[in-house]
Amino acid sequence: MAFISSGYNPDKPMEDRITDIGPRKYDEFYPPVIAKNKGQWLYHEYLRPGVLVHVAKSGDEVYTVRCGGARLMSTTHIREICEIAEKHCDGYLRFTTRNNIEFMVDSKEKVEPLIKDLEGRKFDGGSFKFPIGGTGAGVSNIVHTQGWIHCHTPATDASGPVKAVMDELFTDFQSHRLPAHVRVSLACCLNMCGAVHCSDIAILGYHRKPPMIDHEYLDKMCEIPLAIAACPTAAIRPAKVELPNGKKVNSVAIKEERCMFCGNCYTMCPSLPLADTEGDGIVIMAGGKVSNRISPPKFSKVVVAFIPNEPPRWPKTVEVIKKMIEVYAADARKYERLGEWAERIGWERFFEKCELEFTHHLIDDFRDPAYYTWRQTTQFKF
Amino acid sequence: MAKHETPMLDQLESGPWPSFVSDLKQQAEVRAKNEANIEFQIPRDVVEDLLGVLELSYDHGRTHWKHGGIVGVFGYGGGVIGRYCDQPEQFPGVAHFHTMRVNQPGGKFYKAEYLKQLCDLWDFRGSGITNMHGSTGDIIFLGTTTPQLEEIFYEMTHKLNQDLGGSGSNLRTPADCVGQARCEFACYDTQDLCYDLTMEYQDELHRPAFPYKFKFKFDGCPNCCVASIARSDLSFIGTWRDDIKIDQEAVAAYIGGEIPPNAGAHSGRDWGPFDIQKEVIDNCPTECMWMEDGKLKIDNKECNRCMHCINVMPRALHIGDDRGVTILAGAKAPILDGAQMGSLIVPFMKAEPPYTEIKEKVIEPIWDWWMEEGKNRERLGELMKRQGLQKMLDVLGFEADPRMVQEPRHNPYIFWKEEEVPGGFKRDINEFRKYHQR
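Worth saying up front: this structure is predicted, and the values here are computed from it rather than measured.

## A closer look at the interface of chain B and chain A
Of the residues lining the interface, 143 residues belong to chain B; the matching set on chain A comes to 137 residues. Around 12500 Å² of area is buried between chain B and chain A when both sides are counted, 59% of it from carbon and sulfur atoms. It is Trp17, His67 and Arg182 of chain B that lose the most area in chain B upon contact with chain A, and together they represent 8% of the buried surface on that side. With its nearest N and O atoms 2.6 Å apart, the salt bridge here joins Arg79 of chain A to Asp123 of chain B. The tally of links from chain B across to chain A stands at 77 residue pairs in polar contact (both at pLDDT 80 or more). In terms of residue class, the side of chain B that touches chain A is built from 65 nonpolar, 47 polar and 31 charged. Summarising the sheet, strand 4 (residues 72-74) of chain A and strand 6 (residues 129-132) of chain B pair through three bridges and their orientation is antiparallel. Bridging from a neighbouring strand, Leu72 of chain A pairs with Asn131 of chain B of strand 6 of chain B.

## So, unusual backbone geometry
With an omega dihedral of 5 degrees, the bond running from Pro311 of chain A to Pro312 of chain A counts as a cis peptide bond. Looking at where Pro312 of chain A falls in the secondary structure, it is placed in the loop between strand 12 (301-308) and helix 9 (315-331). For the bond running from Met132 of chain B to His133 of chain B, omega is 10 degrees, close enough to zero to count as cis. Here His133 of chain B lies in the loop between strand 6 and strand 7 (139-142). A positive phi is found at Asn99 of chain A, a non-glycine position, where the angle reads about 65 degrees.

## Considerations on the side chain of Lys359 of chain B
Examined against the element boundaries, Lys359 of chain B turns out to sit in helix 12 (residues 356-373). With near-sequence residues (within four places) excluded, Lys359 of chain B lies in contact with Asp196, Leu197, Glu200, Tyr201, Pro354, Glu364 and Pro365 of chain B.

## Considering the domain arrangement of chain B
Taken domain by domain, chain B comprises domain 1 (7-159), domain 2 (175-239 + 327-404) and domain 3 (245-318). Each of domain 1 of chain B and domain 3 of chain B has a C-alpha centre, and these two points are 47 Å apart.

## Some thoughts on the sheet that holds strand 7 (residues 184-187) of chain A
Residues and elements named next belong to chain A. Taken in spatial order, the four strands of this open sheet run 7-8-11-12, and their pairing is mixed. Two strands bound the open sheet, and with one partner strand each, they are strand 7 and strand 12. Recorded for the sheet is a direction-independent mean angle of 20 degrees between the axes of neighbouring strands. Bridge count between strand 8 (residues 201-206) and strand 11 (residues 281-286): six bridges; the pairing is antiparallel. Looking at strand 11, one finds that Gly205 is bridged to Ile282.

## Remarks on a nonpolar patch on the surface
Residues and elements named next belong to chain A. There is a patch of nonpolar side chains on the surface, built from Phe358, Ile363, Tyr371, Tyr372 and Trp374 and spanning about 610 Å² of accessible area. Structurally, the position occupied by Phe358 is in the segment after helix 11 (347-353). The class of Phe358 is partly exposed, set by a relative accessible area of 47%.

## Looking at the confidence of the model for chain B
The predicted coordinates should not be examined in detail at positions where pLDDT is low. Taken over all residues, the pLDDT of chain B has a mean of 96, while the share at 70 or more is 100%. Interface confidence for the predicted complex, given as ipTM, is 0.97, next to a pTM of 0.96.

## As for the pairing of strand 16 (residues 343-349) of chain B
Residue and element names in this part refer to chain B. A large share of strand 16 lies buried, amounting to five of its seven residues. Sheet topology places strand 15 (residues 323-329) next to strand 16; four bridges connect them, and they run antiparallel. Paired with Ile327 across the strands is Val346, a residue of strand 16.

## A look at the packing of helix 4 (residues 159-168) of chain A against helix 9 of chain A
Residues and elements named next belong to chain A. Put simply, helix 4 and helix 9 touch, their axes get as near as 10 Å, and they point 40 degrees apart. Here helix 9 runs oblique to helix 4, going by the angle between their axes. When you trace helix 4 past helix 9, the crossing you get is right-handed. Two secondary-structure elements touch here, helix 4 through Ala164, Val165 and Glu168 and helix 9 through Val318, Ile321 and Lys322. When grouped by side-chain class, the residues that make up the contact of helix 4 with helix 9 number four nonpolar, no polar and two charged.

## Topic: the packing of aromatic side chains
All names here are of chain B. The tally for this structure, following the rule as stated, stands at 41 aromatic pairs over all chains. Judged by centre distance (5.0 Å) and plane angle (50 degrees), the rings of Phe210 and Trp367 are tilted. Here Phe210, found in the loop between helix 7 (202-206) and strand 9 (216-219), pairs with Trp367, found in helix 12; they are 157 residues apart in sequence, far enough to count as distant. The exposure classification of Phe210 matches that of Trp367, with both residues buried.

Parameters at a glance
Residues numbered from 1 in each chain as written. Chains lettered and ligands numbered in written order. Predicted model: local features only at pLDDT ≥ 70, side-chain atom pairs only at ≥ 80, totals over all residues. Heavy atoms only, no water. Contact = heavy atoms within 4.5 Å. Buried area = accessible area lost by both parts, 1.4 Å probe. Salt bridge = Lys/Arg side-chain N within 4 Å of Asp/Glu carboxyl O. Polar contact = N/O pair within 3.5 Å; in protein donor to acceptor, adjacent residues only side chain to side chain. Nonpolar A, V, L, I, M, F, W, Y, C, P; charged D, E, K, R; others polar. Pairing = 2+ DSSP bridges. Helix = DSSP H or I, 4+ residues; strand = E, 2+ residues; numbered from the N terminus. Domains from an automatic or database assignment. Axes fitted to C-alpha atoms, helices over the stretch in contact; angles between N-to-C directions. Patch = residues over 30% accessible without salt bridge, like charges linked within 9 Å, V, L, I, M, F, W, Y side chains within 5 Å. Areas by Shrake-Rupley, 256 points an atom, 1.4 Å probe, with all protein chains shown as cover. Buried < 20%, exposed > 50% of the residue type's maximum accessible area, 1.4 Å probe, protein only. pLDDT = per-residue confidence, 0-100. Parallel < 35°, antiparallel > 145°, perpendicular 65-115°, else oblique. Left-handed = near helix turned anticlockwise from the far one by under 90°. Phe/Tyr/Trp six-rings, centres within 6.5 Å; stacked < 30°, edge-to-face > 60°.

Right under this line is the structure:
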């Protein structure tokens, strides 16, 4: 493994340096039919789940085949995507915001061979490489975060629970039977890189134990003021601590009842780890949306306070989500999003129908917004 | 024979959904065989160690990654996130496993040739593991060592004409929807505005000068496919001010069952014949539609552009022609004070190159205010909460508009300014006492 230089000279870092050039420009990668008809599209239609046609004013058509994918992806897999794009789509492709892969062709005859090719590709373990779906009134791909594969603060894994949930929801990825689309998201801690707070169903990793304090190393590894400032609830204060060997060190003390388990202190100070096998697990939230369609965007609400991590397939999490979707599918009106349905029937009825227990954890007690979630009317259902 | 046993992860290979475990295993095998004779610049068995450390996390129910460490490329304060394994002896291949964020192209359109160049670079100098894409929108390169960072950056900028994305207290990599490239609902060119602002603000993107992160996202219409309204400090959402265009023949075709409603999105169940009254008119949040002599009528003045009717009948109804953006500010995930949705600050603004009004009347004054007043790690939405929407309007020089609120205030505790009250606040107590005894 000999080091091979790119041409970069570490002694003269500014020599020939190129900076601030930004991304490649979007139109370098437009398929010709897109470049030609940009801004001139007339309408679209789903020909079957996962297959769209867009028709332009010029009469041109672009057919899109949408495939699910794990967003954690190897170059081997990307090269296979490229091979498919070169074989069927003159080398063009795109990804969606929800980590789907879209292959576009400019005529109807090219669609069936593409679909056939995609459907025939499986991993050695047996799963599909390119399942077609993710459109219309179904479940699209889960957007998610890193989890245990790459992050320092997760309270659960991301790729594993997503795989387990999508295996269970697979038929809804490939069909249009639901009242409206259902967006599922996962964030592996409450910092929510995945911004799951406005999803129909959100899977959220959550810690439940305050950080441990590595007194012996804390002052050596951390800037104490930064660790203190990082705490959103002011639970951390400076403290002098006597180690078992009698040595006095500068460290911190934590008001445990104030801790909201966010891990921000750990981000600033590695001597405050909070991950814990029993403490960590999953919160389920439901009823959010980002679209302005019919009703305004909504935040997701916590409907299950805690489910333990159950690797490798998170059966309880999967079961709760599956149940919610089945009840919603049976009970909601056409076009009604999960949150709109829950509001129409009332959250008390939602818990009853989804067979979820309502515990005190589900009543908001965090600062001002809490008050606006309490019931201030006699209108409720028995 | 795999380097590490992975009995838990192996259970994630079955089932229909694409298995990341199977993909990682195939990648480990490709690297082991190395048929392309790549002179790997980081350990060849890096993916095997990645599987191994993940299996250990599945066993422990805890992550085995340490955070941070200051790593990066010279002159940039973002784009690279340091990552170290807390079991380096057991998994030396991933002992140093840094992330690089690569600024994705608009609309996430690619040509295979370019993607393969990225793969070549990442196989040679990194793990070959990516996220397509990260939550913010970047292409994520997962896992390389410190000495490779400058080399990757050098090759990326010199050979691929490609820059890194943002991280830390920077402008984060802006992201857009597919927009006018392939969507008839897009009210402005999301990709062009996204690209233009990304290029205009390269300095803000690469060199941290902000109190905290700052995100732009661009949605072409109120359907909000990139969720800008929920997750960007400045959310640009396409809209129009004139009338929805109606093709009455197509309306009749929907009513007659010749065209499937909602573009066929409900094809998986028998919902009965399409009922325009029930499915469109009665679902309209402003009740601004009705049928008259077999024709669909819209009182456009009362329409709030929720998109429902257009979504249900995309062949019959089309967005108006007087188009622009609605701008909302301050959305963020729940840390700290709870989640915040974007709040409306500009009901309508034209969005046409060179976007001077957007830059000079909105973005730059907001940044000046936030950089002056924002506390360390305070998002724009939190500053807005702390100082108030009125303060923000003051900073921007915008007039208050009822479109900016859901409803007027619930309390009369108005902080009147001295100049708003005739005669000001300075009064003569002795003059007052002439008429009011002590």
